[in-house]
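Each chain, letter by letter, is given below.
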Amino acid sequence: MTFLGLPWFVLTTSGSPAKMGWVLAAELALGAGVVMEATDVRLLLALAAAGLTVSGLLFAAIALAHAGRAVPPPEVAAERA
């Protein structure tokens, strides 16, 4: 609950999304340290590499879809709605 509550509190009290982002990044970094200590580093590296590969393939697919006009640019899609 604190994971979402603390950044939300920073956002509502300061009104700064940037400060909220810093708080959220700090929380994620602390959580990542706990996970890394509890698991095998090789497994985490393999999972990270797989995640980067999947995200790269998705970005390439989106770029190719835009190049082939299969997906309209965001401003055209907004005009149609």
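In every chain, residue numbers begin from 1 and rise along the written sequence. For a predicted model such as this one, the threshold for reporting local features is a pLDDT of at least 70, and the threshold for listing and counting side-chain atom pairs is 80 or more; totals across whole chains, interfaces and linings nevertheless cover every residue. With hydrogens and water stripped out, all remaining heavy atoms of the structure feed into the side-chain values.

1. A word on the overall build of the protein chain
Each helix and strand in the protein chain was counted, giving four helices and zero strands. Put simply, DSSP marks the helices as runs of H or I at least four residues long and the strands as runs of E at least two long, and each gets a number from the N terminus on. Counting helices and strands in the order they occur from the N terminus, the protein chain gives α-α-α-α. Summary of the burial criterion: residues with accessible area below 20% of their type's maximum are buried, those above 50% are exposed, and those between are partly exposed, where the area comes from a 1.4 Å probe applied to protein chains only. Within the protein chain, buried positions represent 6% of all 81 residues.

2. A short note on the side chain of Ser 16
Relative to the helices and strands, Ser 16 resides in the loop between helix 1 (2–14) and helix 2 (17–38). Pairs of N or O atoms within 3.5 Å make up the polar contacts considered here, provided that, within protein, one atom can donate a hydrogen while the other can accept it, and that residues adjacent in sequence are counted only when both atoms are side-chain atoms. In this structure the side chain of Ser 16 is engaged in a polar contact, spanning 3.2 Å, whose partner is the backbone nitrogen of Lys 19.

3. Observations concerning the confidence of the model for the protein chain
With 83% of its residues at a pLDDT of 70 or more, the protein chain has an overall mean of 81. Element-level mean pLDDT values for the protein chain span from 61 in helix 4 (residues 74–80) up to 88 in helix 3 (residues 41–67). In predicted models, pLDDT denotes the confidence assigned by the predictor to each residue on a 0 to 100 scale.

4. Considerations on helix 3
Compared with an ideal rise of 1.5 Å per residue, which puts 27 residues at 39 Å, helix 3 spans 39 Å between its outermost C-alpha atoms and is within 8% of the ideal. Backbone geometry just downstream of helix 3 places Arg 69 in the positive-phi region, at approximately 60 degrees. The span expected for a helix works out to 1.5 Å for each residue beyond the first.

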